[in-house]
Amino acid sequence: WDENYEVWIQNPEPYGGLSVLQQIKDAKDSRALDLNLVDSNITDLTPLAELNNLIELRLGGNYIADLSPLANLTNLQLLGVSDNKIFDLSPLSELTALETLHIGVNEIEDLSPLSGLKNLNQLWAYDNNITDVSSTSPLTNLILLDFRINDISASQIIMLEQALPTTQILYQ
């Protein structure tokens, strides 16, 4: 990681600049449990790939499209990536400790990579391109599902209400 860091600081812009890279380095060195990089002009998450101690990671308001560097952060319980450029959630499919996921205001169509995240209790997926929500029906620990500002049919909502009768579902 340290050798890569020396390369990253030569061209820090994709990672949010030198100050953000320093925050990431400090989090790695201190084995931090949470990191807040909201509105940090990040496009590339590569420096975060080895921050395995993180339990909470907030990355909203950046320019992130690729979540694959987060795929091994299996201790994450809260992940906030709202207001980015994300369309592919498959890198999150093995993050089974996730309890809260903020993915609103992105370009997401397919929620199926989340279908195995049985510990999810809050999924904030407002303002995306979602039409099929059936892959969330196995997520019986959900307390809240936010699907506002998506093009979800009434039949999809009825199916979810039947599959998840104790879940608060926001869809208008």
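It should be noted that the structure appears before, not after, this text.
Here the structure is a predicted model, which means the values were calculated and not measured.

Trainee: Please clarify how the environment of Ser134 should be interpreted in this entry.
Mentor: Tracing the backbone shows Ser134 in the loop between β5 (122–124) and β6 (144–146). Through-space distance from the C-alpha of Ser134 to that of Ile157 is 9.1 Å; in sequence the pair is 23 residues apart. Beyond its immediate stretch of four places on either side in the chain, Ser134 contacts Gln156 and Met159. A distance of 2.7 Å separates the side chain of Ser134 from the side chain of Asp132, its partner in a polar contact.

Trainee: Can you walk me through helix α3 (residues 154–163) in this structure?
Mentor: Think of an α-helix as 3.6 residues a turn; residues three or four steps apart then line up on the same face. Among the residues of α3, those classed as buried are Gln156, Ile157 and Leu160. For α3, the arc enclosing every buried residue in end-on projection is 95°, short of the 170-degree limit, so these residues lie on one face. Among the exposed residues of α3, those oriented more than 90 degrees off its buried face are Ala154, Ser155 and Gln162. Check the buried side of α3 and you find it contacts β6 and β7 (168–170).

Trainee: I would appreciate a short explanation of the sheet that holds β6 in the present structure.
Mentor: Consider a sheet: its strands pair through backbone hydrogen bonds, and that pairing is either parallel or antiparallel. The sheet built from seven strands is open, its strands ordered β1-β2-β3-β4-β5-β6-β7 with parallel pairing. Each having just a single partner strand, β1 (34–36) and β7 make up the two edges of the open sheet. The mean inter-strand angle of the sheet, taken between neighbouring strand axes irrespective of direction, is 5°. Summarising the sheet, β1 and strand β2 (residues 56–58) pair through three bridges and their orientation is parallel. Across the sheet, Asn36 pairs through a bridge with Arg58, a residue of β2.

Trainee: Looking at this structure, I do not really get the packing of aromatic side chains. What am I missing?
Mentor: Here a ring pair, both rings aromatic, is described through the centre-centre distance and the interplanar angle of the planes. As enumerated under the stated definition, the model contains three aromatic pairs in all. When the ring of Trp1 is compared with that of Tyr5, the centres are 5.5 Å apart and the planes differ by 15°; the resulting orientation is stacked. The exposure classification of Trp1 matches that of Tyr5, with both residues buried. Here the aromatic rings of Trp8 and Tyr15 are separated by 5.9 Å at their centres, their planes lie at 50°, and the arrangement is tilted. A residue is classified by how much of its surface remains accessible, and Tyr15, at 11% relative accessible area, is buried. Ring-pair connections join several aromatic residues into one group, and the members of that group are Trp1, Tyr5, Trp8 and Tyr15. Stacked on the ring of Tyr5, the Lys or Arg Lys25 has its end atom at 5.7 Å from the ring centre.

Trainee: Even after reading the chapter, I still don't get the nonpolar core, so can you show me in this structure?
Mentor: Side chains of nonpolar character tend, in soluble globular proteins, to be buried together. Counting residues in each nonpolar core, the largest one holds 50 residues, and the members touching the most others are Leu48, Leu57, Leu59 and Ile103. Breaking this core down by element, the ones donating at least two residues are α1 (2–8), α2 (18–29) and α3. If you tally residues by element for this core, the top one is α2, at four residues. With near-sequence residues (within four places) excluded, Ile103 lies in contact with Val81, Ser82, Leu89, Ile108, Leu111, Leu114, Leu123, Trp124, Ala125 and Asn128.

Trainee: Would you mind going over α2 with me for this structure?
Mentor: End to end, α2 covers 16 Å across twelve residues, agreeing with the expected 16 Å (1.5 Å per residue, within 8%). By the burial criterion, the buried members of α2 are Val20, Leu21, Ile24 and Ala27. Seen end-on, α2 carries its buried residues on one side only, within an arc spanning 120°. Every exposed residue of α2 that faces more than 90 degrees away from the buried side is listed here: Leu18 and Ser19. Next to the buried residues of α2 lie α1 and β1. Two residues or fewer past α2, Arg31 is found with a positive phi of approximately 55°.

What counts and how
- Residues numbered from 1 in each chain as written.
- Predicted model: local features only at pLDDT ≥ 70, side-chain atom pairs only at ≥ 80, totals over all residues.
- Heavy atoms only, no water.
- Helix = DSSP H or I, 4+ residues; strand = E, 2+ residues; numbered from the N terminus.
- Contact = heavy atoms within 4.5 Å.
- Polar contact = N/O pair within 3.5 Å; in protein donor to acceptor, adjacent residues only side chain to side chain.
- Buried < 20%, exposed > 50% of the residue type's maximum accessible area, 1.4 Å probe, protein only.
- Arc of directions from axis to C-beta.
- Pairing = 2+ DSSP bridges.
- Axes fitted to C-alpha atoms, helices over the stretch in contact; angles between N-to-C directions.
- Phe/Tyr/Trp six-rings, centres within 6.5 Å; stacked < 30°, edge-to-face > 60°.
- Lys NZ or Arg CZ within 6 Å of the ring centre and 35° of its normal.
- Core = buried A, V, L, I, M, F, W, Y, C linked by side-chain atoms within 4.5 Å.
- Expected span 1.5 Å × (residues − 1).

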